[in-house]
Amino acid sequence: MIEEAAKLIAHSHFLIAFTGAGISAESGIPTFRDKGGLWEKYKVEEVATPEAFRSNPRLVWEFYKMRMKIMKEAKPNRAHLALAELERMGLLKAVITQNIDNLHREAGNKNLIELHGNIYRVKCINCDYSEDLLESGRLEEFLEEDLPKCPKCDSLLRPDVVWFGEPLPQDALQKAFKLAERADVCLVIGTSGRVFPAAYIPYIVRDNGGYVIEINPKESGITPIADIFLKGRAGDVMEHLLAKVKRCLKDKGC
Ligand code: OAD
Ligand code: ZN
């Protein structure tokens, strides 16, 4: 199975990756729907909807600051690094992620589409103010603030992430769909494939004749349409897979 996957990747013309929370699990970031995942401890409707923010912004900020603290300590793992290397090798054309943790960027991937936003970006609920806390260098100070306010108009700032019931950033989604149409191979790593429209990506690849290779320790919503299912943790499988791709390219015989 892994040989087949390596061969498809090595011979691909337009490889993309579609990732979810599972790719960052080995970096110490909790997933959502696994045992012990975030949606077991928190109610989505209390922390990740526009209504929740209107009725209790403090609780929503508590949730996101908790996640900011976890994410800022996390480092890209072997799976993120393998994807960055595949991009440097010229094979991987884009990463489309549902994650907000910034780890693909930290690993070195340049062509990255973040469908659900980014934990380090905040925006005003009233005016056009937005800020990247990594760029402004204000992350530490921000984490100390009680309820963050817009420096331009004094309204509340909110995380620049997609909440349930909100549309995805349309330019990012359209770009992602176009990439999926072009892709001849798509690596799907660590997603339950339950949240749409993001989860359409592998379906679009398949409907346009591309191969879907899935990496996950458990079967997911995507597994029924995967051409190859590599059962296992993202870090282990991606390290192994990358080594096989390199061998395949070196031998030219695979
Ligand atoms: P989920 O928590 O729904 O799914 C995580 C997936 O990762 C599961 O299929 C696990 O089996 C798999 N997994 C766990 N550990 C893994 C490992 N070490 N290696 C590989 N896979 C592993 O997370 P997502 O599918 O990303 O949306 O969730 C999609 C969206 O739902 C999120 O972006 C978020 C969430 O609610 C919003 O907040 C809008
Ligand atoms: Zn403002």
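In what follows, the structure referred to is the one given above.
Thresholds, definitions, all that
Residues numbered from 1 in each chain as written. Chains lettered and ligands numbered in written order. Predicted model: local features only at pLDDT ≥ 70, side-chain atom pairs only at ≥ 80, totals over all residues. Heavy atoms only, no water. Helix = DSSP H or I, 4+ residues; strand = E, 2+ residues; numbered from the N terminus. Donors = N, O, S within 2.8 Å, 3.2 Å for Na, K, Ca; no water. Tetrahedral: all angles 85-135°; square planar, octahedral: opposite > 155°, others 65-115°. Buried < 20%, exposed > 50% of the residue type's maximum accessible area, 1.4 Å probe, protein only. Pairing = 2+ DSSP bridges. Near = heavy atom within 4 Å. Polar contact = N/O pair within 3.5 Å; in protein donor to acceptor, adjacent residues only side chain to side chain. Areas by Shrake-Rupley, 256 points an atom, 1.4 Å probe, with all protein chains shown as cover. Axes fitted to C-alpha atoms, helices over the stretch in contact; angles between N-to-C directions. Contact = heavy atoms within 4.5 Å.

Turning our attention to unusual backbone geometry. In this structure, Pro197 follows Phe196 across a cis peptide bond, with omega equal to 10°. Secondary-structure assignment places Pro197 in the loop between β7 (185-189) and α11 (200-207). You will see that Asn102, though not glycine, has its phi angle at about 70°, which is positive. Note that Asn102 resides in the loop between β2 (92-97) and α7 (103-107).

Protein-derived coordination of the zinc ion (ligand 2) comes from Cys124 (SG), Cys127 (SG), Cys150 (SG) and Cys153 (SG), at a distance range of 2.2 to 2.4 Å. Geometry at the zinc ion (ligand 2) is tetrahedral, judged from its four donor atoms and the angles of 99 to 118° they form at the metal. When the donors of the zinc ion (ligand 2) are listed by position in the chain, the intervening gaps give C-x2-C-x22-C-x2-C. Placement of Cys124 in strand β4 (residues 117-124) and of Cys150 in the loop between α9 (139-144) and β6 (157-161) is noted, with a sequence separation of 26 residues between them. Judged by its relative accessible area of 7%, Cys124 is buried. Classification of Cys150 as buried rests on a relative accessible area of 2%.

This brings us to the pairing of β2. For β2, a buried count of five out of six residues is recorded, marking the element as mostly surrounded by other parts of the structure. As defined by bridge partners, strand β1 (residues 15-19) adjoins β2 across five bridges and the pair is classed as parallel. Across the sheet, the residue bridging to Ala17 is Val95, located in β2.

Right, let's talk about the site of ligand 1 for a bit. Near ligand 1, the surroundings consist of 23 residues, among which Phe32, Arg33, Thr191, Ser192 and Asn216 are the closest. One of the backbone nitrogen or oxygen atoms of Phe32 is found 2.7 Å away from an oxygen atom of ligand 1. Within the contact set of ligand 1, an oxygen atom lies 2.7 Å away from a side-chain nitrogen or oxygen of Arg33. Here ligand 1, which alone exposes 800 Å², has 93% of that area covered by the protein.

This part is about the sheet that holds β6. Think of a sheet as strands paired side by side through backbone hydrogen bonds, with each pair either parallel or antiparallel. The three strands lie next to each other as β5-β4-β6, forming an open sheet whose pairing is antiparallel. Two strands in the sheet have a free side with no partner beyond their single neighbour: β5 (130-132) and β6. Pairs of neighbouring strands in the sheet enclose a mean axial angle of 35°, with direction left out of account. Two strands pair when backbone bridges link them, and β4 and β5 are joined in this way by three bridges, in the antiparallel orientation. Following the sheet pairing, Arg121 is matched in β5 by Asp132. Of the strands in this sheet, β4 and β6 are in contact with helix α5 (residues 57-73), which crosses β4 at around 140°.

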